[in-house]
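# Fold and geometry: a report
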Amino acid sequence: AIKENLGENSLIILATDGLLTNDKEEEEEIFRMIDTHYSQNILFNVLGFGISQHIHFKMNKLAMLGGGFFMPFVASKKNQEKQFIANVLNKLNRK
């Protein structure tokens, strides 16, 4: 159903603090869903606002399973836009 709605080659960008769920089974289901959609040419990128290493690990895992990239976003309000643009350009140039 998602493939029909998004098309043949699609990209999802999730902006999150990384606190997806407290339930381990729900978390594993999220990982499986992303992996399944990656096999259907739906890429999954994560823009992360979480600050702990554990949360960064989870967000990076989501992006890797989805064939995309994880972009941590930790900046002062003054520099947020500049950092966001720089990170996006940097990640796109690596592909």
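Residues numbered from 1 in each chain as written. Predicted model: local features only at pLDDT ≥ 70, side-chain atom pairs only at ≥ 80, totals over all residues. Heavy atoms only, no water.

### Some details on the pattern of salt bridges
To be explicit about the condition: Each reported salt bridge corresponds to a side-chain nitrogen of Lys or Arg within 4 Å of a carboxyl oxygen of Asp or Glu. Strands here mean DSSP runs of E at least two residues long; helices mean DSSP runs of H or I at least four residues long; both are numbered from the N terminus. Each residue gets one of three labels from its accessible area relative to the maximum for its type: buried under 20%, exposed over 50%, partly exposed in between, using a 1.4 Å probe on protein chains only.
In this structure the tally under the stated criterion is four salt bridges. A salt bridge links glutamate 28 to lysine 24; the shortest N-O distance between them is 3.7 Å. In this pair, glutamate 28 and lysine 24 are both assigned in helix H2 (residues 24-38), four residues apart and thus about one turn of the helix distant. The class of glutamate 28 is partly exposed, set by a relative accessible area of 27%. Note that arginine 32 and glutamate 29 form a salt bridge whose closest N and O atoms lie 3.0 Å from each other. Residue arginine 32 and its partner glutamate 29 are located together in helix H2, separated by three residues, close to a single helical turn. Since its relative accessible area comes to 42%, glutamate 29 is described here as partly exposed. Here the residues in one salt-bridge network are Lys24, Glu27, Glu28 and Lys58, joined through shared partners.

### Here we look at H2
Where we set the bar: Expected span of a helix: the number of residues minus one, times 1.5 Å. The arc under discussion is defined with respect to the helix axis, by the directions toward the C-beta atoms.
Compared with the 21 Å implied by 1.5 Å per residue over 15 residues, the 21 Å span of H2 between its first and last C-alpha is a close match. For H2, the full list of buried residues reads Glu27, Phe31, Ile34 and His37. The buried residues of H2 occupy one face: seen down the axis, they fall within an arc of 135°.

### Considerations on the environment of glycine 66
Which entries qualify depends on this criterion: Whether two residues are in contact is decided by their heavy atoms: any pair within 4.5 Å suffices.
Structurally, the position occupied by glycine 66 is in the loop between helix H3 (53-65) and strand E3 (67-72). Separated by 20 residues in the primary sequence, glycine 66 and valine 46 have C-alpha atoms spaced 9.4 Å apart. Excluding its chain neighbours within four sequence positions, the residues that come into contact with glycine 66 are Ile34, Tyr38, Ile42, Leu43 and Phe44.

### Remarks on H3
For H3, which comprises 13 residues, the first-to-last C-alpha distance of 18 Å matches the rise-based estimate of 18 Å (1.5 Å per residue) to within 8%. The complete set of buried residues in H3 reads Ile55, His56, Lys58, Met59, Leu62 and Ala63. Seen along its axis, H3 keeps its buried residues to an arc of 160°; they face one direction. Pointing more than 90 degrees away from the buried face of H3 are the exposed residues Gln53, His54, Phe57 and Met64.

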